[in-house]
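The residues making up each chain are set out below.
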Amino acid sequence: MIITRPRDWARIKANLAEVGAEKVFLMGCGQCATVASTGGEKEILQAKAAIEATGRTVTGWAVGEVACHSGGTKLEARKHVGDISDADAVVVLACGAGVQTVADSVSKPVFPGLESVFLGNVVRHGVFEERCQMCGDCVLDKTAGICPVTTCPKGLLNGPCGGMWGGMCEVLTDRECAHVRIQRRLTEQGRGRGRATLEPKDFSKKLKPGSVNLREKKGTSAGGGRDE
Amino acid sequence: MSRLRDALARGEFVVTGEVAPPLGTDLSAMKASIERIGPYCHAVNVTDNQGATLHLSSLAASRAVLDMGVEPIFQQTCRDRNRLALQSDLLAAWTLGLENVLVVTGDDPRGGDHPQAKGVFDLDSTQLMEITAGMNEGHDMLGRDLAGATDFFIGGAVFPEADPWDIQLGRALSKVEAGARFFQSQAIFDMERFARTMDELRPSGVKVIAGVLLLKSPRVIDFINNKLAGLMVPDHIAERIRAASDPAKESIALAIEQVRALRDIADGVHIMPLGNDDAVGRILTGAGLSE
Ligand code: SF4
Ligand code: SF4
C-alpha cells in the first residue's frame with residue numbers, strides 16, 4: 001500500500017490563506033490512507049476540527065472508496081457537488097495520486113493534506129516498512145527475495161560496502177546490512193551467489209511517468225518501463 | 001607507466017600516502033602536504049569528496065600532484081556521479097596522465113556535509129571496476145570502441161577486520177574478477193588476522209597495501225570508534241594510547257611496530273597520518289623503510 005504521513009499543518013493553512021479560502025471541503029481515502037491512519041474518517045474529523053479552529057467553515061467531507069480511482073472519485077464529487085461548490089478550496093487527505101484525481105474531478109483549488117512517502121509493507125498494524133521501490137527491473141530472483149535497491153540505503157546491487165560492521169549497516173546502524181542478509185539467506189538455501197557480480201541496473205525501465213494500458217494491444221504492458 | 005604498478009610487479013614493498021583536496025581553490029596546503037609525504041611514497045591517494053563532504057575534485061587535484069612529480073592515485077566514488085559522468089571522468093583522467101585509479105563506493109551523503117544531497121550510486125564499485133577494465137581493453141560499458149583506450153592500474157578497497165569476513169572476502173574476490181589489481185585496506189590492527197587474509201587473497205594475484213592509521217590522540221580513537229563506519233580500534237591498542245604520557249609519540253611507536261610487522265605480510269603500507277604529515281617520515285625511518 002501507499003504510505004502517507006500528515007503534512008506540516010502550517011503549510012496547509014498557508015495554502016488556504018493563499019487563495020483566501022474561508023470555506024473548505026475535505027476528502028479522504030477509504031484505502032491506503034485509512035489503513036495508514038492518515039486519511040480515514042477519524043482523521044478527516046480531526047482535520048475538520050482543526051480547520052474550524054482557525055475560524056474557517058467546513059462545508060462537508062467525504063471518504064470515498066479509493067481516492068486514486070478516477071471513476072469512483074468523480075462519482076464521490078458528484079454526490080457532494082453542493083458542498084464542494086460552496087467551498088473555496090478542497091483539502092485531500094490521500095496520497096499524491098489521490099490528490100491529483102480529486103483535482104481532476106472538481107473545479108476548485110485542491111491542496112494536499114498529506115505527504116506521500118513510500119510503497120509500504122504492513123509489518124504490523126500501524127508499522128510500515130519500505131521494501132520495494134518499483135524499479136521495473138526486479139532482482140529479487142538473484143537476491144533471495146530481499147531487495148537491495150530499497151533496503152540497502154545506498155541501493156547497491158553488489159555489497160556489502162566497507163561501512164558494514166558486525167553485520168550491521170553503516171548508514172542505519174540499528175539494522176542488519178541488506179547484503180549480509182542476502183548472502184546468509186542464499187547460503188541457507190544452498191544457492192550461494194558465488195562471485196557473480198550483478199549487472200548495472202537498467203533505469204530506463206523506470207522512466208517517468210509510468211503507464212500501463214491493458215486495453216491497448218493484448219499482452220502489452222508498458223510500465224514506466226519500455227517492455228516491448 | 002604507473003610506477004606503483006611497476007614497483008608492485010617487481011615485488012618491491014610499496015608505500016602510499018593520502019592527501020585531501022581543499023574546500024576551495026587554494027591548493028597550497030595540499031601541495032605542502034605533498035612536499036612532506038611525497039618523497040617517502042610510491043604514490044599518493046587523492047581523495048574524492050571524502051566522508052561525503054565537499055572538496056575540489058580528485059581529478060584536478062590528482063593532476064596538480066602529478067605536476068609536482070609525485071604519482072597520484074586518483075579516487076573515484078560511485079556516490080556523486082552516474083555512469084555517464086564516471087566513464088567520462090575516467091577518460092579525462094587518462095588524458096591528464098593519471099594512471100592509478102582507486103574505485104570505491106563512497107560514504108552515504110547522510111553522514112556528510114550535504115545531507116540533503118541525492119546519493120547517486122548508479123553503479124557500485126565492483127561494476128565500475130568492470131567498466132574501467134573494459135576501458136583498458138578499448139571499449140565503453142556498452143561495448144562500443146573507444147577512440148583511444150585507457151591503461152589504468154585499477155585498485156579497490158578491502159576490509160580485513162570486517163565481520164562477517166567470509167562475505168567481505170567474497171566481495172574482495174569479486175572485485176579481483178572485475179579487474180582490481182591492487183587493494184588498499186582499511187586500517188589494520190590485528191596482524192594475525194591480516195596474515196590469514198593475505199593467505200586467502202594471494203592466490204588471486206592481487207597486491208594488497210595494508211592501511212596504517214596514526215592514532216595520534218585519544219580523541220582520534222573516539223572519533224574512529226563513534227563516527228567512522230567500518231572500523232574499530234581494539235581495546236588493548238586504545239588503552240595503550242590512552243595510558244601513554246605522550247600519546248602522539250606513542251602513536252608513532254605503535255605505527256612503527258605495525259609497519260615492521262606488515263613488511264613481512266603485505267605488499268606495502270598505506271599510511272594515513274591524519275594531518276600529522278611529519279610523522280610519515282619518522283614512521284618509515286623507524287621501520288627501516290627509509291633513511
Ligand atoms: S528489485 Fe526493484 S522491483 Fe524488485 S523489489 Fe527491489 S525495487 Fe522492487
Ligand atoms: S552496510 Fe550494507 S546495507 Fe548498509 S549501506 Fe553498506 S551495503 Fe548497504
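Structure: above.
Residues numbered from 1 in each chain as written. Chains lettered and ligands numbered in written order. Predicted model: local features only at pLDDT ≥ 70, side-chain atom pairs only at ≥ 80, totals over all residues. Heavy atoms only, no water.

Here we look at the site of ligand 1
If you check the shell around ligand 1, you find Cys 132, Gln 133, Met 134, Cys 135, Cys 138, Val 139, Leu 140, Cys 147, Val 149 and Thr 150 of chain A and nothing else. Residue classes in the shell around ligand 1 are distributed as eight nonpolar, two polar and no charged. (Near = heavy atom within 4 Å. Nonpolar A, V, L, I, M, F, W, Y, C, P; charged D, E, K, R; others polar.)

Examining the layout of surface pockets
Residues and elements named next belong to chain A. Considering only enclosed or pocket space, the second largest pocket measures out at about 900 Å³ in volume. If you trace the second largest pocket, you find 33 residues lining it, with Gln 133, Val 149, Pro 153, Lys 154 and Gly 155 closest to the centre. Elements with a minimum of two residues in the lining of the second largest pocket: strand E7 (127–130) and helix H7 (148–151). If you tally residues by element for the lining of the second largest pocket, the top one is H7, at three residues. For the lining of the second largest pocket, the class distribution of residues is 15 nonpolar, seven polar and eleven charged. (1 Å grid on protein atoms, 1.4 Å probe; cavity = no way out; pocket = protein on both sides within 12 Å on 5 of 7 lines; lining within 4 Å. Points joined across faces, edges and corners; volume = space filled by probe spheres on them. Helix = DSSP H or I, 4+ residues; strand = E, 2+ residues; numbered from the N terminus.)

Concerning helix H5 (residues 125–136) of chain B
Residues and elements named next belong to chain B. Over its twelve residues, H5 runs 16 Å from end to end, which matches the ideal 16 Å to within 8%, given 1.5 Å per residue. In terms of residue burial, H5 counts as a mostly covered element, since ten of its twelve residues are buried. For H5, the complete set of buried residues consists of Ser 125, Thr 126, Gln 127, Leu 128, Met 129, Ile 131, Thr 132, Ala 133, Gly 134 and Met 135. Contacts from the buried residues of H5 go to strand E3 (72–77), helix H4 (83–95), strand E4 (100–104), strand E5 (153–158) and helix H6 (165–178). After H5 finishes, the residue Gly 138 shows a positive phi value of roughly 100°. (Expected span 1.5 Å × (residues − 1). Buried < 20%, exposed > 50% of the residue type's maximum accessible area, 1.4 Å probe, protein only. Contact = heavy atoms within 4.5 Å.)

Some remarks on the nonpolar core
If you look at the biggest cluster of nonpolar residues, it comprises 71 residues, and the most contacted ones within it are Phe 183, Phe 194, Leu 201, Ile 271 and Ile 283 of chain B. Ranked by residue count, the leading element in this core is H6 of chain B, at six residues. In contact with Ile 271 of chain B, not counting residues within four places along its chain, are Val 15, Thr 16, Gly 17, Glu 18, Val 212, Val 259, Val 280, Ile 283 and Leu 284 of chain B. Phe 25, Cys 29, Ala 67 and Val 106 of chain A belong to the second-largest nonpolar core, a separate cluster that totals 30 residues. (Core = buried A, V, L, I, M, F, W, Y, C linked by side-chain atoms within 4.5 Å.)

Focus on the environment of Ala 187 of chain B
All names here are of chain B. Along the chain, Ala 187 falls in strand E6 (residues 182–187). Considered as a pair, Ala 187 and Ile 271 are 84 residues apart in the sequence and their alpha carbons are 8.9 Å apart. The residues touching Ala 187, leaving out its near neighbours within four places in the chain, are Glu 161, Gly 211, Leu 213, Leu 231 and Met 272.

Some details on the sheet that holds strand E6 (residues 114–124) of chain A
Residues and elements named next belong to chain A. Spatially, three strands are ordered E1-E6-E7 in an open sheet, and the strand pairing comes out antiparallel. Where the open sheet ends on each side, the last strands, each with one partner, are strand E1 (2–6) and E7. Adjacent strand axes in the sheet meet at a mean angle of 65°, parallel and antiparallel pairs treated alike. Looking at chain direction, E1 and E6 are connected through five bridges and run antiparallel. The residue bridging Ile 3 from the neighbouring strand is Phe 118, located in E6. (Pairing = 2+ DSSP bridges. Axes fitted to C-alpha atoms, helices over the stretch in contact; angles between N-to-C directions.)

A closer look at the site of ligand 2
By nearness alone, every residue bordering ligand 2 is listed as Cys 152, Pro 153, Lys 154, Pro 160, Cys 161, Met 164, Cys 169, Glu 170, Cys 177, Ala 178 and His 179 of chain A. Cavity membership is defined here by more than half of the atoms lying within 2 Å of grid points; on that basis ligand 2 lies in the largest cavity. (Sits in = over half its atoms within 2 Å of the grid points.)

Observations concerning the pairing of E7 of chain A
All names here are of chain A. Two strands pair when backbone bridges link them, and E6 and E7 are joined in this way by four bridges, in the antiparallel orientation. Within E7, the position partnered with Arg 124 by the bridge is Val 127. A loop of two residues connects E6 with E7, the two strands running antiparallel in sequence, and Gly 126 in this loop sits at a positive phi of about 85°.

Points about the sheet that holds strand E5 (residues 110–112) of chain A
All names here are of chain A. If you walk across this open sheet you meet the four strands as E3-E2-E4-E5, and the pairing is parallel. The strands lining the two open edges of the sheet, one partner per strand, are strand E3 (57–64) and E5. When strand polarity is set aside, the average angle formed by the axes of neighbouring strands in this sheet is 25°. Relative to strand E4 (residues 89–92), strand E2 (residues 23–29) runs parallel, the two being bridged by four bridges. From the neighbouring strand, Val 24 faces E4, where its bridge partner is Ala 89.

Regarding empty space enclosed by the protein
Residues and elements named next belong to chain B. Scanning the model with the defined rule gives two cavities of 30 Å³ or more in all. One number sums up the size of the largest cavity: a volume of about 90 Å³. The residue makeup of the lining of the largest cavity, split by class, is ten nonpolar, one polar and two charged. Here the second largest cavity is characterised by a volume of approximately 40 Å³. For the second largest cavity, the full set of lining residues is Ala 157, Val 158, Phe 159, Gln 168, Arg 171, Ala 172 and Lys 175. Secondary structure elements with two or more residues in the lining of the second largest cavity: E5 and H6.

Concerning the side chain of Glu 99 of chain B
All names here are of chain B. Mapped onto the elements, Glu 99 comes out in the loop between H4 and E4. There is no salt bridge for the buried Glu 99, and the closest opposite charge comes from Arg 5, which lies 6.0 Å off by N-O distance. Polar contacts involving the side chain of Glu 99 include one to the main-chain amide nitrogen of Met 1, which spans 3.3 Å. The residues touching Glu 99, leaving out its near neighbours within four places in the chain, are Met 1, Ser 2, Trp 94, Asp 151, Phe 152 and Phe 153. (Lys, Arg positive; Asp, Glu negative; His and termini not counted. Salt bridge = Lys/Arg side-chain N within 4 Å of Asp/Glu carboxyl O. Polar contact = N/O pair within 3.5 Å; in protein donor to acceptor, adjacent residues only side chain to side chain.)

Observations concerning the side chain of Ser 2 of chain B
Mapped onto the fold, Ser 2 of chain B is located in the segment before helix H1 (3–9). If we ignore the near neighbours within four places in the chain, the residues touching Ser 2 of chain B are Glu 71, Glu 99, Asn 100 and Phe 153 of chain B.

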